[in-house]
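Next come the chains, spelled out residue by residue.
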Amino acid sequence: MLESIVFYTLATLIIAFGVLVVTTRNTVHCVLFLVANFLCVAMVYVLLAAEFLAIIQILVYAGGIVVLYLFVVMLVNLQRPADAVPGRRRQSRAGFVLAAVMLAEISAILVFSAAKPASAVASAAPAPAGLGNTQVVGMLLYSDYLVPFEVASVLLLVAMVGAIILARKEA
Amino acid sequence: MTLTPITPYHYLVLSAALFSIGIVGVMIRRNIIVILMSIELMLNAVNINLAAFSYQLHNAAGQVFAIFVIAVAAAEAAVGLGIILAFYRNKETLNVDEMNTMRW
């Protein structure tokens, strides 16, 4: 019961903040709504017993990426809003249609798979008792997924070098 | 009023709705920064999906993949915003309709 209340509250907040991110004219307000959205998503992770993911979400998304966005928004400091030009109505309508089709498609898949009896998905061996979520994720990350982990670190290094080179003023 | 217990389907529907909002944002907004933010919304929807399945199947691999998605999103944001800054320095605009130099 409590879980239901928390979930519906969070879901409403997530959808509301998502709509606000997409519709608000002021870009700074957009970024702030994005922070609120990320925090609500982090709470959903807690609800799903993924505490480590929730912390990562808050640290990396709400703390890092959003600050990056804010910096760029402040740096470019637009005099005229980029959305001021009207027109392109056709593309807007196409956007709504595309999103509606996508939503209908996913909902249809969900409904049809819900109608079927639960397939026997062999669930992996449950985590040994006494281990926290962070320990389980860490052990997976450093054993089964070691190579992807290293590739991700190289990717982050390349992205960092690339971002510095791109944003640097030409000497 | 009685509430049904929360199943993974609830999370999947939430994720689908968030993903659709992201699609609308990418299609209707002309500000390149807002478009990048909409892409972040869509990545978050995918992460909710991964976490929900990880919870249902009692397998932490989904959370590991969500962490990889977050890492890639961070790289994408850094490079994307660097490109936006470099572009803004040249053309003084953030409107995607004016970014048509390489359009055929």
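1. As for the overall build of chain A
Okay, step 1: Within chain A one finds 6 helices and 0 strands.
Okay, step 2: Intrachain contacts of chain A at a sequence separation of at least 6 include 52% that bridge at least 24 residues.

2. Quick word on the interface of chain B and chain A
Okay, step 1: The interface is formed by 64 residues belonging to chain B together with 73 residues belonging to chain A.
Okay, step 2: Where the side of chain B that touches chain A is concerned, the elements lending two or more residues are helix H1 (8–28), helix H2 (32–57) and helix H3 (61–91) of chain B.
Okay, step 3: The class makeup of the residues in the side of chain B that touches chain A is 47 nonpolar, 13 polar and 4 charged.

3. Side note on the packing of helix H2 (residues 27–47) of chain A against helix H3 (residues 51–76) of chain A
Residues and elements named next belong to chain A.
Okay, step 1: Look at H2 against H3: their axes get within 8 Å of each other, and the N-to-C directions meet at 175°. Taken together, H2 and H3 sit at an angle that is classed as roughly antiparallel. In this structure, H2 contributes Thr27, Val28, Val31, Leu34, Val35, Phe38, Leu39, Val41, Ala42, Tyr45 and Val46 to the contact, and H3 contributes Glu51, Leu53, Ala54, Gln57, Ile58, Tyr61, Ala62, Val66, Tyr69, Leu70 and Val73.

4. Quick look at H3(A)
All names here are of chain A.
Okay, step 1: The end-to-end C-alpha distance of H3 is 36 Å, a good match for the 38 Å that 26 residues give at a rise of 1.5 Å each.
Okay, step 2: The complete set of buried residues in H3 reads Phe52, Leu53, Ala54, Ile56, Gln57, Tyr61, Ile65, Val66, Tyr69, Val72, Val73 and Val76.
Okay, step 3: Following H3 by one or two positions, asparagine 77 adopts a phi angle in the positive range, close to 40°.

5. A few points about the domain arrangement of chain A
Okay, step 1: We note that the domain assignment places domain 1 (1–75) and domain 2 (86–119 + 126–171) within chain A.
Okay, step 2: One C-alpha centre belongs to domain 1 of chain A, the other to domain 2 of chain A; they are set 15 Å apart.

6. Examining the packing of helix H6 (residues 146–167) of chain A against H3(B)
Okay, step 1: The N-to-C vectors of H6(A) and H3(B) enclose an angle of 10°; their axes lie 8 Å apart at closest approach. The angle between H6(A) and H3(B) falls in the class roughly parallel. Crossing geometry of H6(A) relative to H3(B) is assigned as left-handed. Taking contact as the criterion, the partners of A:Pro148, A:Ala152, A:Leu155, A:Leu156, A:Ala159, A:Met160, A:Gly162, A:Ala163, A:Leu166 and A:Ala167 in H6(A) are, on H3(B), B:Phe68, B:Ala71, B:Val72, B:Ala74, B:Ala75, B:Ala78, B:Val79, B:Gly82, B:Ile83, B:Leu85 and B:Ala86.
Okay, step 2: Considered class by class, the residues forming the contact of H6(A) with H3(B) number 19 nonpolar, 2 polar and no charged.

7. Let's talk about the confidence of the model for chain A
Okay, step 1: Here chain A averages 83 in pLDDT, while 84% of its residues score no lower than 70.
Okay, step 2: The element-level mean pLDDT for chain A is lowest in helix H4 (residues 89–115) of chain A, coming to 81, with H2(A) highest at 93.

8. Remarks on the environment of A:Gly63
Okay, step 1: Assignment of secondary structure puts A:Gly63 in helix H3.
Okay, step 2: Once the C-alpha coordinates of A:Gly63 and A:Val35 are considered, the two residues, 28 residues apart in sequence, prove to be 8.6 Å apart.

9. Let's talk about the nonpolar core
As a rule of thumb, soluble globular proteins bury nonpolar side chains together.
Okay, step 1: Within the largest apolar cluster, 75 residues are counted, with the highest numbers of intra-cluster contacts made by A:Leu34, A:Tyr45, A:Leu53, A:Tyr69, B:Ile33, B:Met37 and B:Ala51.
Okay, step 2: For this core, the elements supplying multiple residues, two or more each, are helix H1 (2–23), H2, H3, helix H5 (133–142) and H6 of chain A together with H1, H2 and H3 of chain B.
Okay, step 3: Both of domain 1 (1–75) and domain 2 (86–119 + 126–171) of chain A provide at least three residues apiece to this core.
Okay, step 4: Once you skip the residues sitting within four places of it in the chain, A:Leu53 turns out to touch A:Tyr45, B:Ala51, B:Gln63, B:Ala66 and B:Ile67.

10. Thoughts on H6(A)
Helical geometry: 3.6 residues make up each α-helical turn, so side chains three or four residues apart lie on a common side.
Okay, step 1: The end-to-end C-alpha separation of H6(A) is 32 Å, in line with the 32 Å expected for 22 residues at 1.5 Å each.
Okay, step 2: Taken residue by residue, H6(A) has A:Ala152, A:Ala159 and A:Ala163 as its buried positions. Mapping the buried residues of H6(A) onto a view down its axis gives an arc of 30°, with all of them on the same face. Across from the buried face of H6(A), at angles greater than 90 degrees, the exposed residues are A:Leu146, A:Val147, A:Glu150, A:Ser153, A:Val154, A:Leu157, A:Val158, A:Val161, A:Ile164 and A:Ile165.
Okay, step 3: Buried residues belonging to H6(A) abut H3 of chain B.

11. A short note on the confidence of the model for chain B
Residue and element names in this part refer to chain B.
Okay, step 1: Of the residues in chain B, 97% reach a pLDDT of 70 or more, and the chain-wide mean stands at 88.
Okay, step 2: Of all the helices and strands in chain B, H1 carries the lowest mean pLDDT, 90, while H2 carries the highest, 92.
Okay, step 3: At the level of chain-chain contacts, confidence expressed as ipTM amounts to 0.90, with global pTM at 0.86.

12. Some thoughts on unusual backbone geometry
All names here are of chain B.
Okay, step 1: We note that histidine 58 has phi near 55°; this positive angle belongs to a residue other than glycine.
Okay, step 2: Within the secondary structure, histidine 58 sits in the loop between H2 and H3.
Okay, step 3: Unusually for a residue other than glycine, glutamate 92 sits at a positive phi of about 60°.
Okay, step 4: Mapped onto the elements of the fold, glutamate 92 is located in the segment after H3.
Okay, step 5: The exposure class assigned to glutamate 92 is exposed, which follows from the 11 C-beta atoms found within 10 Å.

Cut-offs used in this document
Residues numbered from 1 in each chain as written. Chains lettered and ligands numbered in written order. Predicted model: local features only at pLDDT ≥ 70, side-chain atom pairs only at ≥ 80, totals over all residues. Helix = DSSP H or I, 4+ residues; strand = E, 2+ residues; numbered from the N terminus. Contact = placed C-beta atoms within 7 Å. Nonpolar A, V, L, I, M, F, W, Y, C, P; charged D, E, K, R; others polar. Axes fitted to C-alpha atoms, helices over the stretch in contact; angles between N-to-C directions. Parallel < 35°, antiparallel > 145°, perpendicular 65-115°, else oblique. Expected span 1.5 Å × (residues − 1). Buried ≥ 20, exposed ≤ 12 C-beta atoms within 10 Å, placed from the backbone. Domains from an automatic or database assignment. Left-handed = near helix turned anticlockwise from the far one by under 90°. pLDDT = per-residue confidence, 0-100. Core = buried A, V, L, I, M, F, W, Y, C linked by C-beta atoms within 7 Å. Arc of directions from axis to C-beta.

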